[in-house]
Amino acid sequence: MTASVQPAEQSAATTLLRFATAGSVDDGKSTLVGRLLHDSKSVLTDQLEAVALASTNRGQEAPDLALLTDGLRAEREQGITIDVAYRYFATPRRRFILADTPGHVQYTRNMVTGASTAELAVVLVDARNGVVEQTRRHAAVAALLRVPHVVLAVNKMDLVEYAEPVFAAIAEEFTAYAASLGVPEITAIPISALAGDNVVEPSAHMDWYGGPTVLEHLETVPVSHDLTECHARFPVQYVIRPQTAEHPDYRGYAGQIAAGVFRVGETVSVLPSGRTTTIEGIDALGESVGVAWAPQSVTIRLADDIDVSRGDLLAPADDAPAVTQDVEATVCHVADRPLAVGQRVLLKHTTRTVKAIVKDIPSRLTLDDLSQHPAPGQLVANDIGRVVVRTAEPLALDAYAASRRTGSFLLIDPADGTTLTAGMAGASFAAVTAGAAEAAGTAADDAEWDF
């Protein structure tokens, strides 16, 4: 495929960027989000009035912009973020979905949830404290989830008198660490969320900084919409067979294209059976089209009457994923009940759900120093580790590094449907380039964690 198929409406002015914020407790994440919303004129008048009233009731002289996202009563009482808060806003240049994630260690699973679909992560650091344990933990989670862009926001620069050496030292330390994890792009920005420096408007106190503001970077960072380079994947969600007088022989397979591009006449494989056929037609919004791309919801008609049902995957015959019953993956355990070796679970991958058993838990990862603890026997809430799962039926599974959508899965308790674990198939971290490894030292080699 060489020709671009992006529609005209997917221009820079209307592209969507999903991003997440993370950082240690009291680093100012919610204040940054509130400042971003306020200064970009994305807060309604009644919302601002409600925040002003709540701030007055708490004895604060100025409106506390963190209250725009800290909506739970416990969050406001403690002044912390507990749950993932989603905000939707837009500027003339781009639309945004923002996930404000909590900073406590016990809420690591919440950050995994918020960052799992993000294309950019904003990691906040208190300029007074520098890179701390939780900063490294959040960088590691972003690397595990293959977030392509990371912004280091060095906050509270006003409390260190806007000193350039303080910012430079923090930026150098964080960049070296994140590069050692394989993070492809890191941008450092000095800010004061409380005062508004370099959030939406450039700071008058840091003339030594010539880079973009946070909002300017969010508006201009490249968004991964080059669909021609994706592995085409179409999980079948529903089989449409009306059998009416108008459509007596119609048989279509409906779903959302997970990745890539499909064209009429293309030869595809139906997985996990492996049978091949060609695309006879594509229907979108009641009309026949010649080409369709992610994330469109379409109905695909095939030339041959073969057995295709919900949970099957259509992929180009020359670019189909491997089919396997043995899944090796990095997982984040999100349930309060533990995950143990020998436990029977359901594995949900795209639209397919199969029975499975946890064959092994080879290791548990400590995000603080990236050390691994072999054979832990079980994973508890917020643990990240390696697992080996054997499924009752074959799965067409990509590596998570190749496709975040078709390389991810969930482990579910078959007794009550509780989500136990979020999994990412394949190796843990991206491969580190020689230059990045040299810059970061030998810490990655000592960790022995699939670098």
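This text goes with the structure placed above it.
Residues numbered from 1 in each chain as written. Predicted model: local features only at pLDDT ≥ 70, side-chain atom pairs only at ≥ 80, totals over all residues. Heavy atoms only, no water.

Once that is clear, we can look at the packing of helix α5 (residues 133–144) against helix α6 (residues 164–180). In the contact formed by α5 and α6, the axes pass within 10 Å of each other and the chain directions differ by 40 degrees. Judged on the interaxial angle alone, α6 and α5 are oblique. In this structure, α5 crosses over α6, and the sense of that crossing is right-handed. Of the residues in α6, those touching α5 at Thr135, Arg136, Ala139 and Ala140 are Glu173, Phe174 and Tyr177. (Axes fitted to C-alpha atoms, helices over the stretch in contact; angles between N-to-C directions. Helix = DSSP H or I, 4+ residues; strand = E, 2+ residues; numbered from the N terminus. Parallel < 35°, antiparallel > 145°, perpendicular 65-115°, else oblique. Left-handed = near helix turned anticlockwise from the far one by under 90°. Contact = heavy atoms within 4.5 Å.)

With that out of the way, let us pick up empty space enclosed by the protein. Tallied over the entire structure, the rule returns three cavities of 30 Å³ or more. For the largest cavity, the calculated volume is near 60 Å³. If you go around the largest cavity, the residues you meet are Leu271, Pro272, Gly311, Asp312, Leu313, His349, Thr350, Arg352, Pro394, Leu395 and Ala396. Broken down by element, the lining of the largest cavity gets its largest block of residues, three residues, from strand β23 (residues 384–396). Partitioned by chemical class, the residues of the lining of the largest cavity number six nonpolar, three polar and two charged. Here the lining of the largest cavity spans two domains, and each of domain 2 (232–316) and domain 3 (323–425) adds at least three residues to it. (1 Å grid on protein atoms, 1.4 Å probe; cavity = no way out; pocket = protein on both sides within 12 Å on 5 of 7 lines; lining within 4 Å. Points joined across faces, edges and corners; volume = space filled by probe spheres on them. Nonpolar A, V, L, I, M, F, W, Y, C, P; charged D, E, K, R; others polar. Domains from an automatic or database assignment.)

Turning our eyes to something else, we now look at the pattern of salt bridges. One pass over the structure, following the stated rule, counts twelve salt bridges. Of the charged contacts, one joins Asp336 and Arg109 as a salt bridge, the two residues approaching to 3.1 Å between their closest N and O atoms. Here the residue Asp336 occupies a position in the loop between β17 (323–333) and β18 (339–340), and Arg109 occupies one in helix α4 (residues 108–115), the gap between them amounting to 227 residues. Using a relative accessible area of 66% as the deciding quantity, one classes Asp336 as exposed. Notably, a salt bridge pairs Asp416 with Arg337, separated by 3.1 Å at the nearest N-O pair. Pair noted here: Asp416 is in the loop between β24 (408–412) and β25 (419–425) and Arg337 is in the loop between β17 and β18, with a separation of 79 residues, a long-range link. A relative accessible area of 34% means that Arg337 is categorised as partly exposed. Three or more residues joined by partner-sharing salt bridges are found here, namely Asp126, Arg128 and Lys156. (Salt bridge = Lys/Arg side-chain N within 4 Å of Asp/Glu carboxyl O. Buried < 20%, exposed > 50% of the residue type's maximum accessible area, 1.4 Å probe, protein only.)

Residues Asp249, Glu280, Asp304 and Asp305 make up a contiguous surface patch of negative charge. With respect to the helices, strands and loops of the structure, Asp305 is situated in the loop between β15 (297–302) and β16 (313–316). (Patch = residues over 30% accessible without salt bridge, like charges linked within 9 Å, V, L, I, M, F, W, Y side chains within 5 Å. Areas by Shrake-Rupley, 256 points an atom, 1.4 Å probe, with all protein chains shown as cover. Lys, Arg positive; Asp, Glu negative; His and termini not counted. Charge placed at Lys NZ, Arg CZ, Asp CG, Glu CD.)

So, about the pairing of strand β3 (residues 94–100). Judged by how many residues are buried, β3 sits mostly within the fold: six of seven residues are covered. Across six bridges, the pairing between strand β1 (residues 16–23) and β3 is parallel. Following the sheet pairing, Leu17 is matched in β3 by Phe96. Direction of pairing for strand β2 (residues 85–91) relative to β3: antiparallel, over a ladder of seven bridges. By the bridge assignment, Phe89 is partnered in β3 with Phe96. A loop of two residues connects β2 with β3, the two strands running antiparallel in sequence. (Pairing = 2+ DSSP bridges.)

Our next topic: the pairing of strand β11 (residues 267–271). Within β11, four of the five residues are buried, which leaves the element mostly enclosed by the surrounding structure. Where β11 lies against strand β12 (residues 275–284), four bridges are found, and the strand directions are antiparallel. By the bridge assignment for β12, Ser269 is matched with Thr276. Hairpin geometry of β11 and β12 is characterised by an intervening segment of three residues between the two adjacent antiparallel strands and by a positive phi of about 85 degrees at Gly274.

All chains considered together, the criterion is met by six aromatic pairs. Seen from their ring centres, Phe234 and Phe262 are 6.3 Å apart, and the 70 degrees between their planes marks the pair as edge-to-face. Highlighted residues: Phe234 in strand β7 (residues 234–235) and Phe262 in strand β10 (residues 261–263), separated in sequence by 28 residues. Considered together, Phe234 and Phe262 belong to a single accessibility category, that of buried residues. Each member of the aromatic cluster is reached from another via a ring pair, and the members are Phe19, Phe89 and Phe96. (Phe/Tyr/Trp six-rings, centres within 6.5 Å; stacked < 30°, edge-to-face > 60°.)

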